[in-house]
Structures are given as C-alpha cells and as structure tokens.
Amino acid sequence: MDRPKPNARKRLLANKLRRLREDAGLTQVEAGEPMRFNKNKMSRIELGHLPDYNGFLALLDRYGVIVSDYDDWVRQYDRAWEKGWWHAYGLNDQGYVALEADADEVREYQLGFVPGLLQTEAGMRAAFAGARDPLSGRRLENEIAVRLRRQARLTEDPPLEYHAIIDEAVLRRPDLLPGDQCAQLEQIIERAELPNVTVQVVPINHGIHSGRNGSFIILSYPRLREPDIAYIEHGFGSLQFEKAKHVNNARLAFRHLADLAYDEPDSIRLIRQVITET
C-alpha cells in the first residue's frame, strides 16, 4: 500500500533537514548510519515521512546543530505534527487549504470562476452546487465555513499578500441572480481596495493567449524561507508542483498574464462597467 503523502509542514521541515545534511557534507547513508537509518529510511525522511522525536533529535545532533538552537527546531517538529484548523471541518492535510495556510503570498489566475478568496457567500453556494459532486447539508456548510475562514487572512495581521488575475468572461458569466451577481462584483472591488490585494482582469478582446490553458495558483513562503509551490485544480483532482523548473514556468506564465491584463485601476473600471450592464 502506498504511504499517504506528508502534509505541507512535514515536507517543508524535511527540506530543511535535507539542506542541513548537505551543508554537513554527508550522504544519506553516512547521515543515517549512527541511528541505523538505512538509505531508504533517510530518503523517506527527506520526502516528509519524519522520524520519531528521538530520531529527529539524533539527526539534528548528527548535522551539527547546537543544543541551544534545538528549541526552534522542536517547535517546527511539533507544528509539523499538529492538526490544522481545517480538520474540524472534515478536511485532511493533503489538499490546497493546508498549502495556503502557511503561505505568505498567493498569486492566482482564474479562467473559469471568481477566485474563492474573493467570493461572496452566494457565489460560494453557487460554485459548490454546480460541482460534479454537488454539496449539500453539513458538507456544504463546512466548505463555506472553511472558505470564509480562508478569506479572513486578507484582513488579519499579518495579512496574506494576494494577487488575482481574472479572465473577463468570469465577470460576465451569469452564474448568480442579477442582485447577487452585482454584489459579487462589488465585493471584488472592495477586496481590491485592500493594500495587500491586487486584482487584474484579462480582457476578452485580447484574443488567444496562454491563459486559455487553464487556471493555476502559485504559493510563496518567504517567512519560512521555503521554495514556491505551483498548484493546479482540474476536473479529476489536483496537482502540485515543487520542482524549480515547473514552478519557474508558472511564475513566467503569471508574469505574462499580468502584462496582458489591464492594470488594477482599468480593471476596476471594467468591473464597474460590467455592474452597470448586469
């Protein structure tokens, strides 16, 4: 049976352990030998399958971390094993919410939907109702509660830095009743007024461009000094990319779309025009 993929926090800590080993000039075999950790076990550890507490401390010692620095490492270890707030809503650590929870910056391009961080509650309900497996009852209410809690990060301290690029077709799609649709567009404008939020719109008349390939998200972790992650959600599930070449391609694509899109003032003017036409 395949092991479940470790959560984002375990993988981030595993990456730091790998860098400690490399800085110490040790191979995986050399690093694991005193603890009787073979190469396979060391490889699993560096993929996020962390050892028990004593094994973790033994690795720190092996890598030359001084005892006075252990407290910060132990905090990271404990945090990696903590259940996130989303568990109370029936979500596990394998999905997007866990990745976003530790991110300091999110860049999102949306071709099909109003981004979740900008949706009104009516917009959320419509999106969940229109899914291939429509949600209802407690599952629906839990998903809405999770999305509202995610949105709170836009106004909490420290705020999440958020840059959304939206295809104009998303704004003109009649997914909601006219009154709810206007409220949704007004909320996008309201969120764009926050100093940590940037909203741009790619105009329909731009013609064919690379954004037609689909939506994607880039998550950044400067506070944790960890590499960016690119994330794609599709009709059959989701994919996340951590290899530098893939993430760099996502960054280049986002930069290209930002250049194609209207700047924020012109984007807001367009949204206001769509409101008057709704």
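Residues numbered from 1 in each chain as written. Predicted model: local features only at pLDDT ≥ 70, side-chain atom pairs only at ≥ 80, totals over all residues. Heavy atoms only, no water.

**Student:** Could you clarify how one ought to interpret the environment of Gln 184 in this entry?
**Tutor:** Relative to the elements of secondary structure, Gln 184 occurs in helix 10 (residues 178-192). C-alpha of Gln 184 to C-alpha of Ile 275: the two residues are 91 residues apart in sequence and 9.6 Å apart in space. Sequence-distant contacts of Gln 184, that is, excluding residues within four places in its chain, are made with Val 114, Leu 118, Gln 119, Thr 120, Gly 123 and Leu 176. (Helix = DSSP H or I, 4+ residues; strand = E, 2+ residues; numbered from the N terminus. Contact = heavy atoms within 4.5 Å.)

**Student:** Which parts of the structure should I look at to understand the pairing of strand 6 (residues 237-241)?
**Tutor:** Regular strands show a simple pattern: their side chains alternate between the two faces of the sheet. In the sheet, strand 5 (residues 226-234) pairs with strand 6 via 5 bridges, with the strands oriented antiparallel. Across the sheet, Tyr 231 pairs through a bridge with Gln 240, a residue of strand 6. Taking the residues between adjacent antiparallel strands as the criterion, strand 5 and strand 6 are bridged by 2 residues. (Pairing = 2+ DSSP bridges.)

**Student:** Looking at this structure, I do not really get helix 12 (residues 264-277). What am I missing?
**Tutor:** In an α-helix there are 3.6 residues to a turn, and that puts residues three or four apart on one side. The terminal C-alpha atoms of helix 12, which comprises 14 residues, lie 20 Å apart, in line with the 20 Å expected from a rise of 1.5 Å per residue. Taken together, the buried positions of helix 12 are Ser 267, Ile 268, Leu 270, Ile 271, Val 274 and Ile 275. Around the axis of helix 12, the buried residues are gathered within 160° of arc, so they sit on the same side. Residues of helix 12 that are exposed and point more than 90 degrees away from the buried face comprise Arg 269 and Thr 276. Next to the buried residues of helix 12 lie helix 9 (168-172), helix 10 and strand 3 (197-202). The opening residue of helix 12 is Asp 263, an N-cap whose side-chain oxygen sits 3.0 Å from the backbone nitrogen of Asp 266. (Expected span 1.5 Å × (residues − 1). Buried < 20%, exposed > 50% of the residue type's maximum accessible area, 1.4 Å probe, protein only. Arc of directions from axis to C-beta. Polar contact = N/O pair within 3.5 Å; in protein donor to acceptor, adjacent residues only side chain to side chain.)

**Student:** What exactly am I supposed to notice about the pattern of salt bridges here?
**Tutor:** All told, the structure shown has 19 salt bridges when counted by the stated rule. A salt bridge links Glu 46 to Arg 21; its shortest N-O distance comes to 2.6 Å. A residue pair is termed long-range when its members are at least 10 positions apart, and Glu 46 in the loop between helix 3 (39-45) and helix 4 (53-62) and Arg 21 in helix 1 (residues 8-23) qualify at 25 residues. Residue class for Glu 46 comes out buried when judged on its relative accessible area of 9%. (Salt bridge = Lys/Arg side-chain N within 4 Å of Asp/Glu carboxyl O.)

**Student:** Looking at this model, I keep getting lost on empty space enclosed by the protein. Mind explaining?
**Tutor:** Any empty space left between the atoms is revealed when a probe the size of a water molecule rolls over them. Per the stated rule, a full pass over the model turns up 1 cavity of 30 Å³ or more. Within this model, the largest cavity holds a volume of roughly 40 Å³. Together, Asn 7, Ala 8, Arg 9, Glu 82, Trp 86, Asp 93 and Ala 98 line the largest cavity. Per-class residue counts for the lining of the largest cavity are 3 nonpolar, 1 polar and 3 charged. (1 Å grid on protein atoms, 1.4 Å probe; cavity = no way out; pocket = protein on both sides within 12 Å on 5 of 7 lines; lining within 4 Å. Points joined across faces, edges and corners; volume = space filled by probe spheres on them. Nonpolar A, V, L, I, M, F, W, Y, C, P; charged D, E, K, R; others polar.)

**Student:** Sorry if this is basic, but what is going on with the environment of Asp 228 here?
**Tutor:** Within the secondary structure layout, Asp 228 lies in strand 5. When its relative accessible area of 12% is taken as the criterion, Asp 228 is described as buried. Placed 13 residues apart in sequence, Asp 228 and Phe 241 show a C-alpha to C-alpha distance of 8.9 Å. Beyond its immediate stretch of four places on either side in the chain, Asp 228 contacts Arg 107, Ile 218, Leu 219, Ser 220, Tyr 221, Phe 241, Val 247 and Arg 251. Among the polar contacts made by the side chain of Asp 228, one reaches the side chain of Arg 107 at a distance of 3.2 Å. In this structure the side chain of Asp 228 is engaged in a polar contact, spanning 3.1 Å, whose partner is the side chain of Arg 251.

**Student:** How should the sheet that holds strand 1 (residues 105-110) be read in this particular structure?
**Tutor:** Reading across the sheet, the 6 strands line up as 3-2-1-4-5-6 and stay open at both edges, with mixed pairing between neighbours. A strand with exactly one partner marks an edge of an open sheet, and here the two such strands are strand 3 and strand 6. The average undirected angle you get between the axes of adjacent strands in this sheet is 15°. Helix 1 contacts strand 5 and strand 6 of the sheet and is inclined by roughly 145° relative to strand 5. Strands in contact with helix 11 (residues 244-260) are strand 1, strand 2 (161-167), strand 3, strand 4 (216-221), strand 5 and strand 6; relative to strand 4, the strand with the most contacts, it is inclined by about 115°. (Axes fitted to C-alpha atoms, helices over the stretch in contact; angles between N-to-C directions.)

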